[in-house]
Amino acid sequence: MERLRQHIEHITSLTNEEFEYIQTHFTKKRVLKNQYLLHEGDDVKNEFVVLSGLYKVFFLDEQGREYIIQFAKENWWMSDYQAFFQEKKATVFIECIEAGEVLVSTLETREKLSAELHKMEHFYRVKLTNGYVALQERIKLLLSSTPQERYEAFVKLYPDLLQGIPKKLIAEYLGVSRETLSRLYSR
């Protein structure tokens with residue numbers, strides 16, 4: 001739980017009493033490689049904070065083709081946020097690529113902590129804002145950049161993942177074929 005405290009205190013300071021209260025609202029979960037935290041069609045009750053490991057958030061089109069929305073590593077948050085906030089069914093999957101641990105919390109927890117502790121309301125707002133900005137940047141890259149520019153942005157955002165995950169997954173994230181990624185990778 002100390003990593004959670006450091007993560008929160010990167011944005012706002014906490015007293016020991018505040019953190020003791022906050023940590024009671026999170027549950028630690030071990031996740032195995034290839035284990036799913038969320039399936040399309042599930043009720044979305046949780047959001048996850050990555051303590052360790054690597055995860056992918058993705059969806060499948062009607063032909064079964066996979067589209068990776070996000071990779072999540074340490075201190076990243078993940079869920080199907082549309083479904084989480086609107087209390088709808090999941091439209092994405094979350095799969096563990098590299099075994100690790102996550103902290104699990106609920107919308108009720110988020111709302112309760114935000115109402116009771118202004119510091120947590122501020123923390124959640126900053127995290128949500130940063131996530132929105134990152135998503136907007138990802139959409140802009142996908143819509144208006146070349147495969148080379150998307151690859152360079154990926155290398156900048158995830159420098160430690162180039163050797164750690166299959167090239168097939170990187171290609172899916174970038175929206176390019178495996179062959180195109182090989183050409184980009186060799187440059």
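Figured I'd write up the structure that's included with this text. All values derive from a computational prediction rather than experimental measurement. (Residues numbered from 1 in each chain as written. Predicted model: local features only at pLDDT ≥ 70, side-chain atom pairs only at ≥ 80, totals over all residues. Heavy atoms only, no water.)

Time to look at the packing of aromatic side chains. In total, this model carries 17 aromatic pairs according to the counting rule given. Measuring from ring centre to ring centre gives 5.2 Å for F84 and F85, while their planes differ by 70°; the resulting arrangement is edge-to-face. Owing to a relative accessible area of 1%, F84 belongs among the buried residues under this scheme. Take F85: its relative accessible area is 32%, and that puts it in the partly exposed class. Centroid distance Y158 to Y173: 5.7 Å. Interplanar angle 85°. Geometry classified as edge-to-face. In this pair, Y158 is assigned in the loop between α6 (147-157) and α7 (167-174) and Y173 in helix α7, connecting sequence segments 15 residues apart. Residue Y158 shares its accessibility class with Y173, and that shared class is buried. Pairwise contacts between aromatic rings join F71, W76, F154, Y158 and Y173 into one cluster. Looking at K56, its charged tip hangs above the ring of F58, at a distance of 4.6 Å from the centre. (Phe/Tyr/Trp six-rings, centres within 6.5 Å; stacked < 30°, edge-to-face > 60°. Buried < 20%, exposed > 50% of the residue type's maximum accessible area, 1.4 Å probe, protein only. Helix = DSSP H or I, 4+ residues; strand = E, 2+ residues; numbered from the N terminus. Lys NZ or Arg CZ within 6 Å of the ring centre and 35° of its normal.)

Another aspect to go through is the nonpolar core. Residues F71, F154, I165 and L174 are the most contacted members of the largest nonpolar core, which totals 20 residues. Within the residue set of this core, elements represented by two or more residues are β3 (46-60), β4 (66-72), β6 (93-106), α6, α7 and α8 (178-185). Ranked by residue count, the leading element in this core is α7, at 5 residues. Once you skip the residues sitting within four places of it in the chain, I165 turns out to touch L54, F71, I97 and I170. (Core = buried A, V, L, I, M, F, W, Y, C linked by side-chain atoms within 4.5 Å. Contact = heavy atoms within 4.5 Å.)

Attention shifts here to the environment of K89. Summarising the element assignment, K89 is placed in the loop between α3 (81-86) and β6. K89 gets classed as partly exposed once you look at its relative accessible area, which sits at 48%. Between the C-alpha atom of K89 and that of T15, which follows or precedes it by 74 residues, the distance is 37 Å. Among the polar contacts listed, one links the side chain of K89 to the side chain of D43, at a separation of 2.7 Å. (Polar contact = N/O pair within 3.5 Å; in protein donor to acceptor, adjacent residues only side chain to side chain.)

All right, on to the layout of surface pockets then. A volume near 1,200 Å³ is recorded for the largest pocket. Among the secondary structure elements, those contributing two or more residues to the lining of the largest pocket are β4, α3, α5 (118-144), α6 and α7. Among the elements that take part in the lining of the largest pocket, α5 stands out by supplying 12 residues, more than any other. (1 Å grid on protein atoms, 1.4 Å probe; cavity = no way out; pocket = protein on both sides within 12 Å on 5 of 7 lines; lining within 4 Å. Points joined across faces, edges and corners; volume = space filled by probe spheres on them.)

Attention now goes to the environment of N75. The residue N75 is located in the loop between β4 and β5 (77-78) in this model. As a C-alpha pair, N75 and I8 span 67 residues in sequence and 9.6 Å in three-dimensional space. Excluding its chain neighbours within four sequence positions, the residues that come into contact with N75 are R3, H7, V50 and K127.

Function-wise, these values are silent; they only describe arrangement.
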